[in-house]
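Remarks on the overall topology
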Amino acid sequence: MKKLQIGNVTLDNPIILAPMAGVSDLPFRLLCREMGAALVCMEMVSAKAIYYNNKNTDSLMEIHPDEVPASLQLFGSDPQILAEMAKRIEERPFSILDLNMGCPVPKVVNNGEGSALMKDPKLAEQILTALVRAIDKPVTVKIRKGFDDDHVNAVEIAKIAEACGVAAVAVHGRTRAQYYSGQADWDIIAQVKDAVKIPVIGNGDVDSPEKAKAIMDQTGCDGVMIGRAAEGNPWIFREVVSYLTDGTIPARPTNREKRELILRHAALQLEYKGEYTGVREMRKHLSWYTVGMPHSAHFRQTINTMEKMDELIRGVYDIFPDEE
C-alpha cells in the first residue's frame, strides 16, 4: 500500500478521516488515528470567528500531539480574512490547511461559504491563491461534484485549485443539492483525477474495506476519505488499511473491545469537554456505537436522559457485557 504525499507531508497510508462538524472533534480524531487513519481532519472553523477571537473556536482548534498529522479546515468567503487568519494560526501544530468548499448546510451556504463557493470559481481562485501565498504549510481543498445537477464543475474547480498551488483536492461525489442522499457519483472523481496532477482524494459512500478498494480501482484516486461510515465505527480504518495492505479484514471487535474503546472515548470527552458537555456529546456517539445491536433502541432512549458520566458508564457495561 502506497504512502500519500501532500505537499511536504507524507502520510503512512492513503486513508483519511473526513472533517465532520460535531463529530471529528479531538477525542474522536485520536481514536481514528490510533485505528489507522493516516490523516485526521478537524471540524470546520470559521475564519471570521478566529478574527473576532471567538472562545469556542480556540477549543475547536486544539490538537493533541498523538493525532498529528492533522488537517485544520477553514471556511469563509473573504480572501483577505481567510489569508490573514491562516497566517495568524500557522504556528499551531496542524500539518495541512484545508478550505471547505463542500459544506451544504443552509446557514453556511446562504453566507456564500462552503459549497456556495462552487458557484463562484473566480472567488474560489482568489481565496485559494491568497491562502497558498499566506502560509508555508500545504493548502488543500474539499469540494463537491458541483452545486446542483445543472452546475457540475468539480473538474473546473480542481484545475483552478491546482493552478493556484493547492497541494491536493478531495472530491465528494455528490452535489450540494443532494446533501448526503442518493448515491455518490464516483465517475466525477475519476474525471478530476484525469484532469489534474495533484493528489485526488475520493469521498462518498465508502463504508467498507471493499468499497475503499473499489473507489481507488474505479477512479484511480490517490487517497480515500471516510466520513459517516466512521461514526460509531472507528475500527473501519483498521479494516481498510489491512484490506489494502494484504487483502485480509480483521475480525470485528468483541463486546469487550467495543466497551473499552467507548469508555476511553467517554474519558476523553470528560477530560476535554467536562461532564456537562462530554456526556451530552457522547449520547450521539453511543447511538452510533449501538446501531443494530439487540435492545439498542431502548438503550438509546435511556442514554438520552443521562446527565452524569457514571450513569453513562454503567449503561455501557449493561449493553456491552463480556461474551459468554
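Source: prediction; values computed, not measured. (Residues numbered from 1 in each chain as written. Predicted model: local features only at pLDDT ≥ 70, side-chain atom pairs only at ≥ 80, totals over all residues. Heavy atoms only, no water.)

As for helix α7 (residues 154–164)
The following threshold applies: For every residue, the accessible area obtained with a 1.4 Å probe (protein chains only) is divided by the maximum for its type, and the residue is called buried under 20%, exposed over 50%, and partly exposed between those limits. Secondary structure follows DSSP: runs of H or I at least 4 residues long count as helices, runs of E at least 2 residues long count as strands, and numbering of each begins at the N terminus. In this context, the arc is that of the directions from the helix axis out to the C-beta atoms.
For α7, the full list of buried residues reads A154, I157, A158, I160, A161 and C164. Buried residues in α7, looked at end-on, bunch into an arc of 160°, giving them a common side. Phi turns positive one or two residues past the end of α7, at G165, with a value near 100°.

Remarks on the pattern of salt bridges
Operational definition: Criterion for a salt bridge: a side-chain nitrogen of Lys or Arg within 4 Å of a carboxyl oxygen of Asp or Glu.
Tallied over the entire structure, the rule returns 15 salt bridges. For R92, the salt bridge is made with D58, and the minimal N-O distance between the two is 2.7 Å. Taken as a pair, R92 in the loop between α4 (79–89) and β7 (96–101) and D58 in helix α3 (residues 55–60) lie far apart in primary sequence, 34 residues in all. Residue class for R92 comes out partly exposed when judged on its relative accessible area of 24%. What makes D58 partly exposed here is its relative accessible area of 44%. When salt bridges with common partners are traced through the structure, they connect D25, K273 and E281 into a single cluster.

Considerations on the side chain of T290
Threshold: Between N or O atoms, a polar contact is any pair within 3.5 Å; within protein, one atom must be a potential hydrogen donor and the other a potential acceptor, and residues adjacent in sequence are included only when both atoms are from side chains. Working rule for contacts: check all heavy atoms of both residues, and any pair within 4.5 Å makes them a contact.
Mapped onto the fold, T290 is located in the loop between α11 (255–289) and α12 (296–303). Assessed through its relative accessible area of 0%, T290 is described here as buried. Among the polar contacts listed, one links the side chain of T290 to the side chain of R300, at a separation of 3.4 Å. In this structure, T290 is in contact with S296, F299, R300, I319 and F320, ignoring residues within four places of it in sequence.

Examining the environment of A154
By the secondary structure assignment, A154 is in helix α7. On the basis of relative accessibility, which here comes to 0%, the residue A154 falls in the buried class. Put simply, A154 and I189 are 35 residues apart on the chain and 8.3 Å apart in space, counted from C-alpha to C-alpha. With residues up to four places along the chain from it excluded, the contact list for A154 reads M118, I143, R144, K145, V171, I188 and V192.

Concerning the pairing of strand β8 (residues 139–146)
Selection criterion: Here, a strand pair is defined by DSSP locating no fewer than two bridges between the strands. Place the viewer so that the strands point away; then a crossover is right-handed whenever the path from the first strand over the helix to the second strand goes clockwise.
Where burial is concerned, most of β8 is hidden: 8 out of the 8 residues are buried. Pairing of β7 with β8 involves 5 bridges; the strand directions are parallel. Note on β8: the bridge partner recorded for D98 is T140. Here β8 runs beside strand β9 (residues 168–175); their pairing, made up of 6 bridges, is parallel. Across the sheet, the residue bridging to I143 is V171, located in β9. Crossover β8 to β9 through α7 is right-handed.

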